[in-house]
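Summary of structural features
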Amino acid sequence: MWNMKQLEYGALARRANQIKDELRQGVRRPYKEVIDVFQGDLHRAGMKPLTFVRQILAACVYPPLINSNNLPLDVRQRAQEELGRCVGGSVGSYSAVAGIPEIVHSISEFIKRRDGGIPSHPENIYISPGSQWSISNILNVLVNREASPRTGVLIPVPCHHKTVLSITQLGAVTVPYYLSEEQGWALQVEELQRALESAKGVCNPVALYVINPGNPAGYVQSQKSVQEVIRFAWEKRLFLLADELYQDCVYGENCEFVSYKRTLSEMGPPFSGTVELASFHSVSKGFLGECGLRAGYVELVNLDPAVMKHIHTLFSKDSCAPVLGQIALDLMTDPPKPGDPSYPLYKQEIEHIRAVLVHNVKRVHEVINSLPGFSCPPIEGGLFVFPRLNLTPKAIQKAKELGLQPDTFYCTRLLEEGGVFTGPGWEYGQKEGTYHIRFCIAAPQDVMEELLRCLSSFHMTFMKDFS
Amino acid sequence: MKMTSLQHVNPTVRGMRDSPQTMLQNLAERIRKDISLGAQKPFKKVIDVSSGDPHRADLQHVSFLRQVLAVCVYPQLLEDKCYPLDVKIRAQKLLEACDGASVGSYTASSGLRHVRQSIAEFIQRRDGVPSYAQNIFISAGSQRAIMIAVKLLASGEGNTRTGVLIPAPCPHMLYNVLEEAGVVLVPYQLTEEKGWAVDLDKLHQALKAAQGNCEPRAIYISNPGNPTGHVQDRKSIEEVIQFAAAERLLLLADEVYQDSVYGKDREFISYKKVLFEMDRELAETVQLISFHSISSTCIGECGLRAGYMEVVNMDPEVIYYFDNTLCGDISTPVTGQLALDLMVNPPQPGDPSYDTYIQETFFTLATLSHNAQLVQELINKLPGVKCQPTLGGIYVFPRLHLPCGIKEQAKLLGLKADVLYCQKLLEEEGVLAGAGEHGEMTDSFHLRLCILVPHDTLVEVLARLASFHCRLMDGTVTPTEV
């Protein structure tokens, strides 16, 4: 029952917290504070929440604010609308299990608009407390713990570890397919084929998990790539799990987010009516960055109605997603429009966040590639960078002596000496003999500059020490 | 042709059935939808008294809590003159405890340290017994905490599977929770004639019945009782503790309604306090986990999703795993965590918000007490209905002696008679009540009514219930179509 991997992941985080405590207590270290870019947590790194989101949420929490002249009219009206949808007019009530119906409907409208008018049905949408929870629930439907051979799920390498944990906790097996680092972490169908072959006799693969835009690898799939994956899923009869949390984070020139749903629909029969797809999104990433509010949704396409019934029962076992989070979902999918009083500020804030991200992505790419033994492809999308470390045999040896993975060793030293908290590549998966680190690039520009300065300085010292 | 057909679905998921409660909720949803589309019904709207959701029922929230949360969500409000000083000070303190000073950041999976500390201090004040933040784990509601605690305990297969003693009747959500944790349920009957008191003999009987079927490792109890309304006195709590100690069972004490005791001469005493006031050996060995949440009586913030558990006398190595397991579970929303802090650390005498706070909580408790009284007066007058006096909690759980007609109809439809009763009550009068859960003996039927609602709402509910019930007893209720 005890998942050893979970325990290992925690060690670096615990140390980071310890150091943060020590700094608070006045202990002297080579740095004044820890730059925490381990998770995709915008606010932690200093990015600001969207004003209109927080104004509406505040008014929903404390309804007398609806009459306050300090809030723009559209904020007040919207808050009233949202409260009107809550049972008892309060964010403190339980909601319907699949989510507040009007918000579910609003999400379906958003998806339809995003995908050029392709219909989206509210009955196929479930709101949950964060996307990971709905990924877990859908996996639960697909995975038979008792099956022999065991159920398999294809996952990208690298991949953020939460989904990997969900898969193993349910008693299934991960079937890794390697993204091509040389091609900017592109997903290649031949590699999907190889991965599937490798599963023969080992497990029974039923699903294919894709992350687009990637995490931690910052690629954005082209439409052609999405089509290839869909075709592959159709041929091999795999359930497609499309994690699209970073759909708002696209920076590469000539890059565009194209949803799996839209592509599937536009491919027409036989694909459009048969490939089973679950698409995930949440309020945690993108411009909102509201990880702490806990809300996401899943849209299901082409599922057997009998299977949908069971999914409904499964989701009914949980309590509803937090109401404030559901409201944030609504605000994300239905933001201010030109002409609304809140629109100018909203536009300004979104553009500012975008500008910061685009700038950071460029700077990070520049700095990292200028350092010896450090490289990364251009970051096209997502909120992370996953640069490659060319560690010397001496460094690798030292890590072994300490009983650590080489990149964990690097990250531990970087934390202790440089005050920057990043994630070691092995936690996300990587080709044997390669090493990486992951960190979030969503931080105010000055924080990012400081980070790059500390990282560069540390890196040069480290490479020298172990040359 | 669909790829994943029913036969490919995980057998465990396929085997899940909608509980009677879910079925009734779904029906209520359909009826609400019909009404909103203009359908004519004998009632204007559905009144849901099947579960505790005070805000749904239009009971007021606690102003102080909502004001502080609003400021935390939108800190610009700190510049607004209309908020009392204590609201601003508290909001600032809480924001400092959040990473990035935002409710939008992730927190550690066991919860914000500041809030865990507040909870520890609250428990210490309440019980006069030391309490430590590292033994407190915040979760997205008390049910998740119970699920995690039990999951950590669960092991074995077949007849060595872990068993958990649960009261009959028990909270209706408990079945889902324990099913998810993968344990065997070992029901112990509460004594209805004694106001649903705990009976030591019944505890022993339950253990005996479990022999050879599973390995009981824990006992769950709710005090104040959900849905019974019983409040244990010290002696009763001591008996349960001694039983748990003798049988080496982990005690799971669900104390979510601790602030809802209205019975005369009865007060809430926590399991922890009683344990520490018993002899030293017991106090140092009995393993206890106590649960609480913001879905409680006076706070009622079910939609914000947060609760906590305090772990006592647990091996430090095991405690380590609590945090890890929480990593894999639903994260607690930050706003819920802050609400927890506000619940355990309310305004004090002298604070600007104190008077309003006291008024609001007093009003809630008075409503509850008044409602309990009204129920006793009216419901026992209905033929075939007997309701035990309640001392606390937010439910009443009257017993129904039903006529053969409805019992037979229920059999034909494959339902328990009280579930059918609730279905008809919903369809004909628009009142959604809870049916007594399937843990009980099959020939006794009960209704679960939440009485934490505005007084007028209860009056309306009782009127509709009485009307329906009398028709049923007179044999004039329309048979349900098969």
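Here the structure is a predicted model, which is why all the values come from computation and not from measurement. Counting of residues starts from 1 at the beginning of each chain's written sequence and follows it residue by residue. Chains and ligands are labelled sequentially in the order written, the chains with letters from A and the ligands with numbers from 1. Residue-level local features of this predicted model are given only where pLDDT is at least 70; pairs of side-chain atoms are given and counted only at 80 or more, and the full residue set underlies all totals for whole chains, interfaces and linings. Derived side-chain values reflect all non-hydrogen atoms in the structure, with water molecules and hydrogen atoms excluded from consideration.

**Focus: the overall build of chain B**
Stated formally: Counting from the N terminus, the helices are DSSP H or I runs at least four residues long and the strands are E runs at least two residues long. Radius of gyration here is computed from C-alpha atoms only, and the compact-globule reference equals 2.2 Å multiplied by the residue count raised to the power 0.38. Summary of the burial criterion: residues with accessible area below 20% of their type's maximum are buried, those above 50% are exposed, and those between are partly exposed, where the area comes from a 1.4 Å probe applied to protein chains only.
A tally of helices and strands in chain B yields 17 helices and 14 strands. The C-alpha radius of gyration computed for chain B amounts to 23 Å, which stays within 12% of the reference 23 Å derived for 482 residues, consistent with globular compactness. For chain B, the spread of C-alpha atoms along the three principal axes comes to 65 × 65 × 60 Å. The buried share among the 482 residues of chain B stands at 60%.

**Brief notes about the overall build of chain A**
Here is the rule we go by: Residue contacts are defined here by distance: any two heavy atoms, one from each residue, within 4.5 Å place the two residues in contact. The positive count covers Lys and Arg only, the negative count covers Asp and Glu only, and His and the chain ends enter neither. Think of each charge as sitting on NZ of Lys, CZ of Arg, CG of Asp or CD of Glu.
Scanning chain A from terminus to terminus reveals 16 helices and 14 strands. Over its C-alpha atoms chain A spans a radius of gyration of 23 Å, differing by no more than 12% from the 23 Å that the globule rule assigns to 467 residues. Projected onto its principal axes, the C-alpha positions of chain A cover 65 × 60 × 45 Å. Of all 467 residues assigned to chain A, the portion counted as buried reaches 64%. In chain A, the proportion of contacts linking residues at least 24 apart, taken out of those at least 6 apart, comes to 72%. One way to put it: in chain A the 46 positive side-chain charges average out to a point 4 Å from where the 49 negative ones average out.

**Some remarks on the packing of aromatic side chains**
Put simply, the rule is: Ring geometry is summarised as follows: Phe, Tyr and Trp rings, the Trp one being its six-membered ring, pair when their centres sit within 6.5 Å, and such pairs are stacked at plane angles under 30 degrees, edge-to-face over 60 and tilted between the two. The rule is short: NZ of Lys or CZ of Arg within 6 Å of the ring centre and within 35 degrees of the ring normal puts a charge over the ring.
Counting across every chain of the model gives 19 aromatic pairs over all chains. Here F462 of chain A and F466 of chain A contribute two aromatic rings whose centre-to-centre distance is 4.8 Å and whose plane-to-plane angle is 45°, an arrangement assigned as tilted. Assessed through its relative accessible area of 2%, F462 of chain A is described here as buried. Between Y421 of chain B and F468 of chain B the ring centres are 5.0 Å apart and the planes differ by 85°, which places this aromatic pair in the edge-to-face class. In this pair, Y421 of chain B is assigned in helix α16 (residues 417-429) and F468 of chain B in helix α17 (residues 455-474), connecting sequence segments 47 residues apart. Since its relative accessible area comes to 1%, Y421 of chain B is described here as buried. Members of the aromatic cluster, joined through ring pairs, are F374, F409, Y410, F458, F462 and F466 of chain A. A cation over a ring is seen here: R438 of chain A above F384 of chain A, with NZ or CZ 3.7 Å from the ring centre.

**Here's the deal with helix α8 (residues 200-210) of chain B**
Residues and elements named next belong to chain B. For clarity, the threshold we go by: Arc, as used here, means the arc of the directions from the helix axis to the C-beta atoms. Each polar contact in these results corresponds to two N or O atoms within 3.5 Å; when the atoms are within protein, one needs to be able to donate a hydrogen and the other to accept it, and residues that are neighboring in sequence are counted only if both atoms are side-chain atoms.
Listing the buried residues of α8 in full gives L203, A206, L207 and A210. Taken around the axis of α8, the buried residues stretch over an arc of 100°, which confines them to a single face. Structural note: α8 exposes D201, K208 and A209 on the side pointing more than 90 degrees away from its buried face. Where α8 is buried, its residues meet β3 (162-168), β4 (184-189), β5 (215-222) and α9 (234-246). Here α8 starts with a cap whose side-chain oxygen sits 2.9 Å from the backbone nitrogen of D201, and that cap is D199.

**Re the interface of chain A and chain B**
Basically, it comes down to this: Accessible-area loss on putting two parts together, using a 1.4 Å probe and summing over both, is the definition of buried area adopted here. We define a salt bridge as a contact between a side-chain nitrogen of Lys or Arg and a carboxyl oxygen of Asp or Glu at a distance within 4 Å. In this classification, Asp, Glu, Lys and Arg are treated as charged, Ala, Val, Leu, Ile, Met, Phe, Trp, Tyr, Cys and Pro as nonpolar, and every other residue, Gly included, as polar.
Each side of the interface is counted separately: chain A has 74 residues, and chain B has 70 residues. In this assembly, chain A packs against chain B so that about 6,100 Å² is buried in total across both faces, 57% of it on carbon and sulfur atoms. Here chain A and chain B share two salt bridges between them. Close ionic contact of D99 of chain B with R44 of chain A constitutes a salt bridge, the shortest N to O distance being 3.5 Å. If you look at where chain A meets chain B, you find 15 residue pairs in polar contact (both at pLDDT 80 or more). For the side of chain A that touches chain B, the elements supplying multiple residues, two or more each, are α1 (4-24), α2 (51-61), α5 (131-142), α10 (271-274), α11 (305-316) and α12 (323-333) of chain A. Residues that form the side of chain A that touches chain B fall into these classes: 34 nonpolar, 24 polar and 16 charged.

**Focus on the side chain of S259 of chain A**
Looking at the element boundaries, S259 of chain A is found in the loop between β6 (239-243) and α9 (260-267). When near neighbours in sequence (up to four residues on either side) are disregarded, S259 of chain A contacts R114, D115 and E244 of chain A.

**Describing the sheet that holds strand β2 (residues 136-139) of chain B**
Residues and elements named next belong to chain B. So the rule is basically this: The criterion for strand pairing is that DSSP finds at least two bridges linking the strands in question. To obtain an axis, a line is fitted to C-alpha atoms, over the contacting stretch when the element is a helix, and the angle between two such axes runs from 0 to 180 degrees between their N-to-C directions.
Here we have seven strands laid out as an open sheet, ordered β2-β8-β7-β6-β5-β3-β4, and mixed in their pairing. Strands with a single pairing partner mark the edges of an open sheet, and in this sheet they are β2 and β4. With direction set aside, neighbouring strand axes in the sheet form an average angle of 25°. Strand direction decides the pairing type here: strand β7 (residues 288-293) and strand β8 (residues 307-312), joined by six bridges, are antiparallel. Within the sheet, the bridge partner assigned to F291 lies in β8 and is M309.

**A look at the pattern of salt bridges**
With the rule as written, the count across this model stands at 43 salt bridges over all chains. One salt bridge in this structure joins R113 of chain B and D21 of chain A, with 3.0 Å as the shortest N-O distance. Of the two residues, R113 of chain B sits in helix α5 (residues 113-127) while D21 of chain A sits in helix α1, which places them in two different chains.

**A closer look at the pairing of strand β14 (residues 445-450) of chain B**
All names here are of chain B. Across the six residues of β14, six count as buried, placing the element largely inside the fold. Of the two faces of β14, both are covered, the one formed by F445, L447 and L449 as well as the one formed by H446, R448 and C450. Here two bridges tie strand β10 (residues 395-396) to β14, and the two strands are oriented antiparallel to one another. Residue Y395 lies in a different strand from β14, and its bridge partner there is C450.

**Some points on the sheet that holds strand β5 (residues 204-211) of chain A**
Residues and elements named next belong to chain A. What the seven strands build is an open sheet, ordered β2-β8-β7-β6-β5-β3-β4; its pairing is mixed. Edge positions in the sheet fall to β2 (125-128) and β4 (173-178), since each has one partner strand and no second. Within this sheet the neighbouring strands show an average axis-to-axis angle of 25°, counted without direction. Of the strand pairs in this sheet, strand β7 (residues 277-282) and strand β8 (residues 296-301) are connected by six bridges, and their pairing is antiparallel. Residue H281 lies in a different strand from β8, and its bridge partner there is Y297. In this fold helix α4 (residues 101-114) packs onto β2, β7 and β8, with an angle of close to 115° to the strand it touches most, β2.

**Looking at the environment of S293 of chain B**
Residue and element names in this part refer to chain B. In this structure, S293 sits in strand β7. Spatially, the C-alpha atoms of S293 and G141 are 6.1 Å apart, while their sequence positions differ by 152 residues. Not counting residues within four places of it along the chain, the set of residues in contact with S293 comprises S142, V256, A306, G307 and M343. Within the structure, S293 has its side chain in polar contact with the backbone nitrogen of S295 (distance 2.9 Å).

**A word on α2 of chain A**
Burial runs high along α2 of chain A: 11 of the 11 residues are buried. Every buried residue of α2 of chain A is listed here: T51, F52, V53, R54, Q55, I56, L57, A58, A59, C60 and V61 of chain A. Here the buried face of α2 of chain A lies against α3 (73-85), α12 and α13 (343-370) of chain A together with α3 (63-73) of chain B.

**What to know about empty space enclosed by the protein**
All names here are of chain B. Basically, it comes down to this: Each cavity reported here is a set of points on a 1 Å grid over the protein atoms alone in which a 1.4 Å probe fits but cannot get out, each pocket an open set with protein on both sides within 12 Å along at least five of seven lines, and each lining residue one with an atom within 4 Å of a point. Grid points are joined across faces, edges and corners, and a volume is the space filled by probe spheres set on the points.
The tally for this structure, following the rule as stated, stands at nine cavities of 30 Å³ or more. Forming the boundary of the largest cavity are 16 residues, of which L190, I221, S222, G225 and T228 lie nearest the centre. A breakdown of the residues in the lining of the largest cavity according to their chemical character gives nine nonpolar, seven polar and no charged.

**Topic: unusual backbone geometry**
The linkage connecting P269 of chain A with the following residue, P270 of chain A, adopts the cis geometry, with an omega of 0°. Counting through the fold element by element, P270 of chain A comes out in the loop between α9 and α10. The linkage connecting N223 of chain B with the following residue, P224 of chain B, adopts the cis geometry, with an omega of -5°. Although it is not a glycine, N254 of chain A adopts a positive phi angle of roughly 60°. With respect to the secondary-structure elements, N254 of chain A resides in the loop between β6 and α9. Located in the positive-phi region is R294 of chain A, a residue other than glycine, with phi close to 60°. Position of R294 of chain A among the secondary structure elements: in the loop between β7 and β8. Overall, R294 of chain A belongs to the buried group, its relative accessible area being 9%.

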